[in-house]
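What follows is the residue order along each chain.
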Amino acid sequence: MDPRAGFAAWLLVVLVPSSNLLWFSGLPLATWPEWVAVALLVPIAFSKRLARRLVDDSPRRWLTTRRLTSAALLALGLKFLVAMTTSHVGFAACYTSPMAPPVRGRCETTFSYPFSDGRYTRYEATIDRRGPGWQLAFLNHLRLIPADAEAPARDLEAFTVEYSGRLRADEALVVRVAYSGTAEATIGTITRSEPASTTSPAAFEFPLARGEHDLRLIYHSAPGKEPHLALLRVDAHGATVPLQVVAPPRRATVALRLFDSLTAFVVASVAVATLRALALPMPVFAWLSFVVAVLLGTEATQEAWLYPLRNHILTATGLLALTLLRGPGWRTSWRAWTIGASLGALWAIAMFRGNVDGVWLRSIGNDPLTYESFARDILSGWSVQGGEDVFYYQPLFRYWRFVERVVFGDGEALLIASAFGLLCASFMAFFAVAFRSAIGKGRSPLTVATILVAAVLTLLLATTSLPMIGWPASEYPTWILLPLSTLLFVTGRTASNAMAAASVAASIITRVNQAPGQAWLLVSSLLARRRPAKTRAAVVATLLAIVLLPLAHNMWFGGRAVPFTTSAGIPQNLNLPPSRLLDDWNSSLTRTLLAQQIDALLYRLEDINRTPLQAAAFHGLLGVWIVVCCAGLVRVVRHRDRPAIIGMLSLATPAAFLSVHVFYQVTTYYPRHIVAGYLAMGIAVIQWSMSPTHGRRLPPTGNVGNLPVRGPDGQPRERRRWR
């Protein structure tokens, strides 16, 4: 039996949605145990070699396919039993905003419960919202942006919430409602409400008889005031505790405890087997323990000087990961995935202090709010329209964001951990292949150069990409796909080349301004190796099928034949039209604009807040790339062979990425527009170091005239061809 089957079954167990009482409640992933389980199981479920090795290295070899599959079937049965007995437990909260009615149903929709169909927004274990922390992610929508320029802060905007649930009292007690704003409570047949309170929290109480009672609590927050609401139980001594809803049936409680215990045991076993298979040296565990201690110390002491130290230590951890890529007994895909997931988790913990429910309200007038709004439009109507009849903003990122939100919910921590982990994993996989190529062929100078370039690239990822992911900038999906596209094009298999073409096409419709660079990458990769007609046809068909999707959308929903977006030619984007550059070259203003664009591309702007590490990463990559390009030109002039020309074409890929921003704006949300070009510099340099000759021409082979070419041993040589 395929060893992947058992791990795939457990991946399904973790992802299937169920009651919110479970630790492993399924999609959306809202807890760290779920995230860790998925991060462990995904690579094993798709790699037969990894699955086989994990089975072999597991303690007492108990992770067999039969045992894993049997346990997964039992866990699925328990999970379905919990879902059938009680769907969700807690107070059903229905949120609305006075600025606009909900798009669908009577309540605002949310990614935490995407299938509520507008019947409720979310479930809350208790009603205890005294102070900040309401986490109203649905406010990240353009239709809920106040038109008044003097509107209150985003987290102080007015809203209404209606709670419903069922309470149980084992004895007579007193219930207290503490609020600021307006509150009205109905428990059983008793209804109480008090005048609005805006200056300080007020409270009212009423008795609750023994037994079970239905609850209905309606709360209106005061505009511009911090919302405050709590439903409390007052004991005989005057102390208050949050009131709980009726507990689920006993059989559901037993089933969920069994399910969580069984799942946690399997995940822990897989984690232990993974550590055994990875065989990490003790200094690595010591360093990771030190990193965790710094993170915990920063949180516990709140010392300001620890925060920059924390960031530098996490950056150093990423650089340390490069030394682990050649560890004994490691598989390339496994180590790359593990390092990426670990770095993503560490950065997310450092940013959010372990809180997975934290929500950022995006500022008004910025692209992040727009894309979050588009993702919620897709959720509200379950339509692929994506918020626009004809695309004005970048086409694909709204759908990428929608998928991320469906998987990870409204919280930011797990989403950022996964996105940054994927980015690190993709580059670590590329580095691992490069190290294996250089070290395996005994090229010590090239190995050192490759490690240095990889280190600078890692520095760039740590200092630049992480803030862009959290913000978010729509470019970061293309950064994830860039090294994967390069790796997939190296193989000669049709399926891999088609996947590479799909990656390139997805990057183009995610960021249309990267189309020249992505197209250059595609052409130079196809020219680097002769491919059969079937492979070329698969590449072209895949590319066209994806690239034409925006055109199909615009024609279907807007009735206009717009290939990508309508924002390409607006003055805000096109700073320096090519026609102006040609017709008005003698103008000092034109030359000044051109100089500013070039300074921005070279990361030389003086009026930006940049760190020395960030400047070192950009300028280091630029300097190495220029040196290697000069070496490539010398190679072309000296040899004029096909590999030299193809190598020079690959080295020109970063110039294709950056060339478009000679004309289009580059300083908005700086430096996000130039990151792809500099990442391509590092990839192109490492790819050049992996080429077979590096300027060393192979000796003549075959027959020269009537004389055979002989080697040092005197034997005739066989003819060798360039690949």
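Bear in mind the structure is a predicted one, so any value in this text is a computation, not a measurement.

Attention now goes to the overall build of the protein. Scanning the protein for helices and strands turns up 23 helices and 12 strands. The C-alpha radius of gyration of the protein comes to 29 Å, within 12% of the 27 Å expected for a compact globule of 723 residues. Considered along the principal axes of its C-alpha atoms, the protein spans approximately 110 × 75 × 55 Å. Across the 723 residues in the protein, those meeting the buried criterion constitute 51%. The contacts in the protein between residues at least 6 apart in sequence include a share of 75% that link residues at least 24 apart. For the protein, the computed accessible surface area is about 33200 Å², with 62% contributed by carbon and sulfur atoms.

Moving on, we come to the pattern of salt bridges. Think of it this way: side chains of opposite charge can pair up when their charged atoms draw near. Tallied over the full model, the rule gives 24 salt bridges. Arg-166 serves as the salt-bridge partner of Asp-214, at 2.5 Å between the closest nitrogen and oxygen. Taken together, the residues Asp-214 in strand β8 (residues 211-220) and Arg-166 in strand β4 (residues 160-169) connect sequence positions 48 residues apart. Residue classification places Asp-214 among the partly exposed residues on the basis of a relative accessible area of 46%. Its relative accessible area of 36% is what places Arg-166 among the partly exposed residues. Residue Glu-372 pairs with Arg-362 through a salt bridge whose shortest N-O separation is 3.8 Å. Taken together, the residues span a long stretch of sequence, with Glu-372 in helix α9 (residues 367-381) and Arg-362 in the loop between α8 (332-352) and α9 at a distance of 10 residues. Of the two residues, Glu-372 and Arg-362, both sit in the buried class. Salt bridges sharing common partners tie together Arg-362, Glu-372, Arg-401, Glu-404, Arg-405 and Glu-412.

Tallying each qualifying case throughout the model produces one disulfide. Note on cysteine connectivity: Cys-94 is disulfide-linked to Cys-107, with sulfurs 2.0 Å apart. Because the torsion about its S-S bond is -105°, the bridge between Cys-94 and Cys-107 counts as left-handed. Note that Cys-94 is positioned in strand β1 (residues 91-96) and Cys-107 in the loop between β1 and β2 (122-124), a separation of 13 residues in sequence.

Per-chain confidence: the protein averages 84 in pLDDT, with 91% of residues scoring 70 or above. A low-confidence stretch, residues 717-723 stays under pLDDT 50, and its non-local contacts, those more than four residues away or across chains, total 15 contacts.

Further remarks concern the pairing of strand β6 (residues 190-193). Two faces make up the sheet, and in a regular strand the side chains alternate between them. Pairing between strand β5 (residues 173-187) and β6: four bridges, direction antiparallel. Counterpart to Ala-185 in the pairing with β6 is Arg-192. Turn length for the β5-β6 hairpin, with the two strands adjacent in sequence and antiparallel, is two residues, and the turn residue Gly-188 shows positive phi of about 70°.

Attention now goes to the layout of surface pockets. Here the largest pocket defines a volume of roughly 2000 Å³. For the lining of the largest pocket, the secondary-structure elements that each account for two or more residues are α2 (32-46), α3 (48-57), α8, α10 (397-408), α11 (413-440), α13 (476-490) and α14 (494-510). Among the elements that make up the lining of the largest pocket, the one with the highest residue count is α11 (11 residues). Of the residues assigned to the lining of the largest pocket, the class counts are 33 nonpolar, 10 polar and six charged.

Our next topic: the packing of aromatic side chains. We describe a pair of aromatic rings using the distance from one ring centre to the other and the angle between the two ring planes. Going through the model one piece at a time under the given rule, you end up with 30 aromatic pairs. Where Tyr-371 meets Tyr-393, the ring centres are 6.0 Å apart and the plane angle is 80°; that geometry is what we call edge-to-face. With Tyr-371 in helix α9 and Tyr-393 in the loop between α9 and α10, the pair connects residues that are 22 residues apart, well separated along the chain. Feature note: the residues Tyr-371, Phe-374, Tyr-392, Tyr-393, Phe-397, Trp-400 and Tyr-476 constitute an aromatic cluster, connected by ring pairs. Here the basic side chain of Arg-129 rests over the ring of Trp-134, its NZ or CZ set 6.0 Å away from the ring centre.

This part covers a nonpolar patch on the surface. A contiguous nonpolar patch, built from Phe-80, Leu-81 and Met-84 and spanning about 320 Å² of accessible area, is present on the exposed surface. Examined against the element boundaries, Leu-81 turns out to sit in helix α4 (residues 65-85). By relative accessible area, Leu-81 is classed as partly exposed at 32%.

Every buried residue of helix α17 (residues 549-558) is accounted for by Pro-550, His-553 and Asn-554. Down the axis of α17, the buried side of the element spans an arc of 95°, and every buried residue falls inside it. Within two residues after α17, Gly-559 carries a phi angle of roughly 70°, on the positive side.

Moving on to the side chain of Gln-614. The residue Gln-614 is located in helix α20 (residues 612-639) in this model. For Gln-614, a relative accessible area of 10% gives the class buried. Those residues in contact with Gln-614, other than ones at most four positions away along the chain, are Thr-463, Thr-464, Tyr-603 and Pro-671.

Geometrically, the link from Leu-27 to Pro-28 is a cis peptide bond, its omega value of -5° lying close to zero. Looking at where Pro-28 falls in the secondary structure, it is placed in the loop between α1 (4-15) and α2. Here the amide bond leading from Trp-471 into Pro-472 is cis, since omega sits at -5°, within 30 degrees of zero. Inspection of the secondary structure assignment puts Pro-472 in the loop between α12 (444-470) and α13. Phi at Tyr-603 is positive, roughly 60°, even though this residue is not glycine. For Tyr-603, a relative accessible area of 1% corresponds to the buried category. At Tyr-669, a position not held by glycine, the phi torsion is positive, near 55°. For Tyr-669, the location among the structural elements is in the loop between α22 (653-659) and α23 (672-689).

Attention shifts here to the packing of α9 against α10. If you want to describe how two helices pack, look at the angle between their axes and the distance between the axes. Taken N-terminus to C-terminus, the directions of α9 and α10 make an angle of 65°; their axes are 8 Å apart at the nearest point. Considering the angle they form, α9 stands roughly perpendicular to α10. As α9 packs across α10, the resulting crossing turns out to be right-handed. Each of Tyr-371, Glu-372, Phe-374, Ala-375, Ile-378 and Leu-379 in α9 lies in contact with α10, whose residues at this interface are Phe-397, Arg-398, Tyr-399, Arg-401, Phe-402 and Arg-405. The residue makeup of the contact of α9 with α10, split by class, is eight nonpolar, no polar and four charged.

This brings us to the pairing of β5. With 11 of 15 residues buried, β5 lies mostly within the body of the structure. Two elements, β5 and strand β7 (residues 197-208), share eight bridges in a ladder whose sense is antiparallel. Looking at the pairing, Leu-173 lines up with Leu-208 of β7. Where β5 lies against strand β9 (residues 228-234), seven bridges are found, and the strand directions are antiparallel. Its bridge partner being in β9, Ser-180 is matched across the sheet by His-228.

As a further point, take the environment of Leu-466. Within the secondary structure, Leu-466 sits in helix α12. For Leu-466, a relative accessible area of 5% translates into the label buried. Measuring from C-alpha to C-alpha, the distance between Leu-466 and Asn-586 comes to 42 Å, with 120 residues separating the pair along the chain. Setting aside residues up to four positions removed in sequence, Leu-466 forms contacts with Trp-347, Met-351, Ile-416, Phe-420 and Leu-461.

What counts, and at which threshold
- Residues numbered from 1 in each chain as written.
- Predicted model: local features only at pLDDT ≥ 70, side-chain atom pairs only at ≥ 80, totals over all residues.
- Heavy atoms only, no water.
- Helix = DSSP H or I, 4+ residues; strand = E, 2+ residues; numbered from the N terminus.
- Rg over C-alpha atoms; globule rule 2.2 N^0.38 Å.
- Buried < 20%, exposed > 50% of the residue type's maximum accessible area, 1.4 Å probe, protein only.
- Contact = heavy atoms within 4.5 Å.
- Areas by Shrake-Rupley, 256 points an atom, 1.4 Å probe, with all protein chains shown as cover.
- Salt bridge = Lys/Arg side-chain N within 4 Å of Asp/Glu carboxyl O.
- Disulfide = S-S within 2.5 Å.
- pLDDT = per-residue confidence, 0-100.
- Pairing = 2+ DSSP bridges.
- 1 Å grid on protein atoms, 1.4 Å probe; cavity = no way out; pocket = protein on both sides within 12 Å on 5 of 7 lines; lining within 4 Å.
- Points joined across faces, edges and corners; volume = space filled by probe spheres on them.
- Nonpolar A, V, L, I, M, F, W, Y, C, P; charged D, E, K, R; others polar.
- Phe/Tyr/Trp six-rings, centres within 6.5 Å; stacked < 30°, edge-to-face > 60°.
- Lys NZ or Arg CZ within 6 Å of the ring centre and 35° of its normal.
- Patch = residues over 30% accessible without salt bridge, like charges linked within 9 Å, V, L, I, M, F, W, Y side chains within 5 Å.
- Arc of directions from axis to C-beta.
- Axes fitted to C-alpha atoms, helices over the stretch in contact; angles between N-to-C directions.
- Parallel < 35°, antiparallel > 145°, perpendicular 65-115°, else oblique.
- Left-handed = near helix turned anticlockwise from the far one by under 90°.

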